[in-house]
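Analysis of the macromolecular model
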Amino acid sequence: MLNALLNFVYPPSCPGCGARLPIESDHRVCAACIASIDRILPPFCSICGEPLRSAGSGDLCIRCRSAPRRFRIARSIARYDSSSETGALGAIIRHHKYGLDQSLARALAECIGRTLPFERGHHDLVAPVPLHRTRLRWRGFNQAALLGMEVARRLEIECDTTCLERVRATPPQTARDHNSRRRNVRRAFRVAHPDKIRGRSVLLVDDVMTTGATADECADVMLAAGAVAVDVFTLARAL
Ligand SMILES: [Zn+2]
Ligand SMILES: [Zn+2]
């Protein structure tokens, strides 16, 4: 009832293209924008999920071949070009990042689509990549947590936003290479509640993964706290 009233007063528009959505529609992203999402299909790196040009190159990307990962596997829904102003997913991620519109939780869920790249029964817990508390206060919400709740709902497991904590506000990841990015996030995270993680298989959730430096760092502290394994789900993969 309230939703219907809000939709009438503020007709919802697609964050991807700005098109008005029909008042009676439950959707938060238009069908054209959903169809334009550049979904990641095989072949991709069997560890980090990075798309590969051809199958058969040992099934691993250059980075995963040269250095071990701390997470077990990472999978993303779609490619994301952070330098491009066009593309529905980018618009949704940026809008989401800098806006305060909670209905974007729904938009993100629609971008994931019907199937997750992870099946039920393999994880005990979803842990979203946390924001530093000053950033969280400024932004009002953590988009990774909104995604994490959606993922946890589908996997029928708990989403815990307290076990992992960002203890250092890091400068934005602007470097291109993995090692500089990894240095940038070193000692930025800690496990606040090791009891929630010990002996458990964790699915780390974030909106975008670039080289995987943040994911590696989070996996590192969670494994040190006794996690059995850490896998990673991100909506987008910046390439
Ligand atoms: Zn649209
Ligand atoms: Zn890889």
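Residues numbered from 1 in each chain as written. Chains lettered and ligands numbered in written order. Predicted model: local features only at pLDDT ≥ 70, side-chain atom pairs only at ≥ 80, totals over all residues.

Thoughts on the packing of helix α8 (residues 178-185) against helix α10 (residues 213-224)
Two numbers describe how α8 lies on α10: the axes approach to 8 Å, and their chain directions differ by 45 degrees. In terms of orientation, α8 and α10 fall into the oblique class. The hand of the α8/α10 crossing is right-handed. Only A213, T214, D216 and E217 of α10 make contact with α8, whose side of the interface consists of H178, R181, R182 and V185. Among the residues making up the contact of α8 with α10, the classes are represented as two nonpolar, two polar and four charged. (Axes fitted to C-alpha atoms, helices over the stretch in contact; angles between N-to-C directions. Helix = DSSP H or I, 4+ residues; strand = E, 2+ residues; numbered from the N terminus. Parallel < 35°, antiparallel > 145°, perpendicular 65-115°, else oblique. Left-handed = near helix turned anticlockwise from the far one by under 90°. Contact = placed C-beta atoms within 7 Å. Nonpolar A, V, L, I, M, F, W, Y, C, P; charged D, E, K, R; others polar.)

Some thoughts on the pairing of strand β6 (residues 201-209)
Counting buried residues along β6, eight of its nine residues qualify, which places the element largely inside the surrounding structure. The sheet contact formed by strand β2 (residues 125-128) and β6 spans four bridges and is parallel. Paired with A127 across the two strands is L204, which belongs to β6. Pairing analysis gives eight bridges linking β6 to strand β7 (residues 229-238), with the strands arranged parallel. Residue D206 lies in a different strand from β7, and its bridge partner there is T234. (Buried ≥ 20, exposed ≤ 12 C-beta atoms within 10 Å, placed from the backbone. Pairing = 2+ DSSP bridges.)

Points about the pairing of β2
Of the two faces of β2, the one carrying L125 and A127 and the one carrying V126 and P128 are both buried. Sheet analysis places β2 next to strand β3 (residues 158-159), joined by two bridges and oriented parallel. Residue pairing for β3: V126 is matched across the bridge by C159.

Re helix α7 (residues 143-155)
If you check α7, its first and last C-alpha atoms are 18 Å apart, about what 13 residues at 1.5 Å a residue would give, namely 18 Å. The element α7 is extensively covered by neighbouring structure, given that 10 of its 13 residues are classed as buried. Buried residues of α7: Q143, A144, A145, L146, L147, G148, E150, V151, A152 and L155, and no others. Of the residues one or two after α7, E156 is the one with positive phi, at around 55 degrees. (Expected span 1.5 Å × (residues − 1).)

As for unusual backbone geometry
In this model, P42 is joined to P43 through a cis peptide bond whose omega is 0 degrees. Of note, P43 is situated in the loop between α2 (31-35) and α3 (62-66). The residue E156 is not glycine, and still its phi comes out positive at about 55 degrees. In this structure, E156 sits in the loop between α7 and β3.

Examining the packing of helix α5 (residues 104-112) against α7
Interaxial distance between α5 and α7 falls to 9 Å at its minimum, and their mutual angle equals 55 degrees. One element, α5, and the other, α7, form an angle in the oblique class. Remark: the crossing between α5 and α7 carries right-handed chirality. Taking contact as the criterion, the partners of A105, L108, A109 and I112 in α5 are, on α7, L146, L147 and E150. Across the contact of α5 with α7, the residue classes break down as six nonpolar, no polar and one charged.

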